[in-house]
Amino acid sequence: GAGVSQSPSNKVTEKGKDVELRCDPISGHTALYWYRQSLGQGLEFLIYFQGNSAPDKSGLPSDRFSAERTGGSVSTLTIQRTQQEDSAVYLCASSLHILGAFFGQGTRLTVV
Amino acid sequence: TQLLEQSPQFLSIQEGENLTVYCNSSSVFSSLQWYRQEPGEGPVLLVTVVTGGEVKKLKRLTFQFGDARKDSSLHITAAQPGDTGLYLCAVLYNNAGNMLTFGGGTRLMVKP
């Protein structure tokens, strides 16, 4: 596609359920990022993939969060046993070089 | 302490006024990016500056990279309601110098 695509755009889940968020980056982009944004706040870094290198997971808030990137392309962010504090917009971005990153529209997660 | 400190955090002005927002750090960077995020959307790249002292103009927006490449400013002339949004600066920063790291952002509201 022409841009970064995220799905679903909205997700409502019950507390304690697992959720999977998907990111399709721009074709050929080697770097992929996941961020979380709470209402009215800035971007909170979660995880970073760069080519075939081991991902930088330093931003993941707990072991309930995990992410993978298959074949250097599509990425899935999984949140297990969701809690109400996990409610936020989850943003994915991809980039090829130093000149900038391109973001998807985000997935708005609501845990009830 | 955040790597990138943005100020002010919030700014509310009337249409037609000028404004400047800042992005400061004690570290030196090879490049710096500015993004704008509108409500319900992902951030969109506005500009990348790479040379100390560089000035780039994008219509009514003027971006400057500090001579020492530690800071940057964004000046908006004759602000319009369409300029409303969250302005984020970002740099590539980690041990490998290639992970996109954001400041906390400046939330701008331009009233008609």
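This text goes with the structure placed above it.
Attention in this report is confined to the structure presented alongside it.

## Comments concerning the interface of chain A and chain B
Line of reasoning, step 1. Taken residue by residue, the interface counts 19 residues in chain A and 20 residues in chain B.
Line of reasoning, step 2. Across the chain A to chain B interface the summed buried area is about 1600 Å²; carbon plus sulfur atoms make up 55%.
Line of reasoning, step 3. Among the residues of chain A in contact with chain B, Leu 43, Ile 98 and Phe 103 of chain A are the three that bury the most area, contributing 27% of the side total.
Line of reasoning, step 4. Remark: the boundary between chain A and chain B carries 0 salt bridges.
Line of reasoning, step 5. Remark: the boundary between chain A and chain B carries 6 residue pairs in polar contact (both at pLDDT 80 or more).
Line of reasoning, step 6. Considering only residue class, the side of chain A that touches chain B consists of 10 nonpolar, 8 polar and 1 charged.

## Focus: the side chain of Gln 6 of chain A
All names here are of chain A.
Line of reasoning, step 1. Tracing the backbone shows Gln 6 in strand β1 (residues 5-7).
Line of reasoning, step 2. With a relative accessible area of 11%, Gln 6 lands in the buried category.
Line of reasoning, step 3. A polar side-chain atom of Gln 6 sits 2.9 Å from the main-chain amide nitrogen of Cys 92.
Line of reasoning, step 4. A distance of 3.1 Å separates a polar atom in the side chain of Gln 6 from the backbone nitrogen of Gly 106.

## Description of the sheet that holds β1 of chain A
All names here are of chain A.
Line of reasoning, step 1. With antiparallel pairing, 4 strands are arranged side by side in an open sheet as β1-β3-β7-β6. Both outer strands of the open sheet, β1 and β6 (65-69), are each paired with one neighbouring strand and no more. The sheet shows a mean angle of 15° between the axes of neighbouring strands, taken without regard to direction.
Line of reasoning, step 2. Bridge count for β1 against strand β3 (residues 19-24) is 3 bridges, and the pairing is antiparallel. Counted as the bridge partner of Ser 5 is Asp 24 from β3.

## A word on the state of the cysteines
Line of reasoning, step 1. Inspection of every chain in the model, using the stated rule, returns 2 disulfides over all chains.
Line of reasoning, step 2. Linked covalently through their sulfurs, Cys 23 of chain A and Cys 92 of chain A form a disulfide whose S-S length is 1.9 Å. For the disulfide bridge between Cys 23 of chain A and Cys 92 of chain A, the dihedral angle about the S-S bond is near -65°, and by the sign convention the bridge is left-handed. Of this pair, Cys 23 of chain A sits in strand β3 while Cys 92 of chain A sits in strand β8 (residues 88-95), placing them 69 residues apart in sequence.
Line of reasoning, step 3. Disulfide partner of Cys 23 of chain B: Cys 89 of chain B, at an S-S distance of 2.0 Å. Across the S-S bond of Cys 23 of chain B and Cys 89 of chain B the torsion is about 75°, and the bridge reads as right-handed. Pair noted here: Cys 23 of chain B is in strand β3 (residues 19-24) and Cys 89 of chain B is in strand β9 (residues 85-92), with a separation of 66 residues, a long-range link.
Line of reasoning, step 4. On the accessibility criterion, Cys 23 of chain B (0% relative accessible area) is buried.
Line of reasoning, step 5. By relative accessible area, which is 0% here, Cys 89 of chain B ends up buried.

What counts and what doesn't
- Residues numbered from 1 in each chain as written.
- Chains lettered and ligands numbered in written order.
- Predicted model: local features only at pLDDT ≥ 70, side-chain atom pairs only at ≥ 80, totals over all residues.
- Heavy atoms only, no water.
- Contact = heavy atoms within 4.5 Å.
- Buried area = accessible area lost by both parts, 1.4 Å probe.
- Salt bridge = Lys/Arg side-chain N within 4 Å of Asp/Glu carboxyl O.
- Polar contact = N/O pair within 3.5 Å; in protein donor to acceptor, adjacent residues only side chain to side chain.
- Nonpolar A, V, L, I, M, F, W, Y, C, P; charged D, E, K, R; others polar.
- Helix = DSSP H or I, 4+ residues; strand = E, 2+ residues; numbered from the N terminus.
- Buried < 20%, exposed > 50% of the residue type's maximum accessible area, 1.4 Å probe, protein only.
- Pairing = 2+ DSSP bridges.
- Axes fitted to C-alpha atoms, helices over the stretch in contact; angles between N-to-C directions.
- Disulfide = S-S within 2.5 Å.

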